[in-house]
Amino acid sequence: MKPLILNTSSSLFFTKIGLLREVVEQFEVITTKEIYDEIFEGIEIGYRDARIVMQFIEDKKIKIITAKNTEKIEHEFKIKKEDASVIALAQEKESFLATEDRQIEKICIAMGIPIINAAAMVFLFWNRKKYTNTQAILLLDLLIKTGYNRQICVQIMEKILAGEKNG
Amino acid sequence: MGEAVYVRLTDQELEFINTLSKEQKITRSEAIKKLVDYAAEGLKRQKALESYKEGKTTIRESAEIAGLRYFEFFDILAKENLLGTNPENTELVLEGMERI
């Protein structure tokens, strides 16, 4: 199984809805030094979610790898080094990038890098029967309550409910 | 040292500045600077939000436009339920997931 590359945005939503433990159990999760530094900054300014993500890093449940082509991607797309680092790593590892950032998603689609987001991860676990319909719907509802895009969650809720009807 | 700028204010604007100055026990000059700082901060955030909504910049770039750190701007986006990839791509994301 290929690793899952983690951007800060997804790590925060996985944490907010209590999904991060399940994600690290199901995938080899990797992020970059640039993201590590950003998470560290989050701790310094008092963000609890950052502290939780860092605990997973310290426990080696999330590995840190330096991407080789960060600078190339940074200059090619004129984006920040943190953004470039996860895109570069996903490309190098031919892996999925977990992100909630629209602009990064746009670049990944253009580069043929597959992406996944927090709402889709809930759907994946539901699909793999790790969650019941009710659990998945509650998690999606929690995503909305913690600031996630409502439209995406509703789209996925509808799919789950359609599955329930068909099942 | 900053540059002195001559600005003509309406009676209403001046009255507001006088009131603010009295209430906060600051000079009129300090009151004006405070208002400019406050407005600049709001305008930068508005610009950053628009840029993010229009898909022109990443969360990190938008945070920089707003003059905030990543986590601080993330909170602002969360308050407006603006986080998450493009809903138009949900099908594409779910289809691609079969290969995960």
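What comes next is a walk through the structure.

Rules used throughout
- Residues numbered from 1 in each chain as written.
- Chains lettered and ligands numbered in written order.
- Predicted model: local features only at pLDDT ≥ 70, side-chain atom pairs only at ≥ 80, totals over all residues.
- Axes fitted to C-alpha atoms, helices over the stretch in contact; angles between N-to-C directions.
- Helix = DSSP H or I, 4+ residues; strand = E, 2+ residues; numbered from the N terminus.
- Parallel < 35°, antiparallel > 145°, perpendicular 65-115°, else oblique.
- Contact = placed C-beta atoms within 7 Å.
- Nonpolar A, V, L, I, M, F, W, Y, C, P; charged D, E, K, R; others polar.

1. Comments concerning the packing of helix α1 (residues 8–16) of chain A against helix α4 (residues 48–58) of chain A
All names here are of chain A.
Step number 1: The geometry of α1 relative to α4 is characterised by a closest axis approach of 9 Å and an angle of 95 degrees between their N-to-C directions. By the angle between their axes, α1 is roughly perpendicular relative to α4. From α1, Ser-11, Leu-12, Thr-15 and Lys-16 reach across to α4, where they touch Asp-49, Ile-52 and Val-53.
Step number 2: Along the lines of polarity and charge, the residues of the contact of α1 with α4 split into three nonpolar, two polar and two charged.

2. Some points on the interface of chain A and chain B
Step number 1: Chain A puts 39 residues into the contact, and the matching count from chain B is 28 residues.
Step number 2: Residue assignment for the side of chain A that touches chain B shows that the elements contributing at least two residues are α1, α3 (33–44), α6 (81–93), α7 (102–111), β5 (115–116), α8 (118–127) and α10 (150–166) of chain A.
Step number 3: Residue contributions to the side of chain A that touches chain B peak at five residues, all from α7 of chain A.
Step number 4: Class assignment of the residues belonging to the side of chain A that touches chain B gives a composition of 17 nonpolar, 11 polar and 11 charged.

3. Focus on unusual backbone geometry
All names here are of chain A.
Step number 1: Within the chain, Lys-60 stands out as a residue other than glycine whose phi angle is a positive 65 degrees.
Step number 2: Here Lys-60 lies in the loop between α4 and β3 (62–65).
Step number 3: Non-glycine residue Lys-78 carries a positive phi angle of around 50 degrees.
Step number 4: Among the secondary structure elements, Lys-78 is positioned in the loop between α5 (70–77) and α6.

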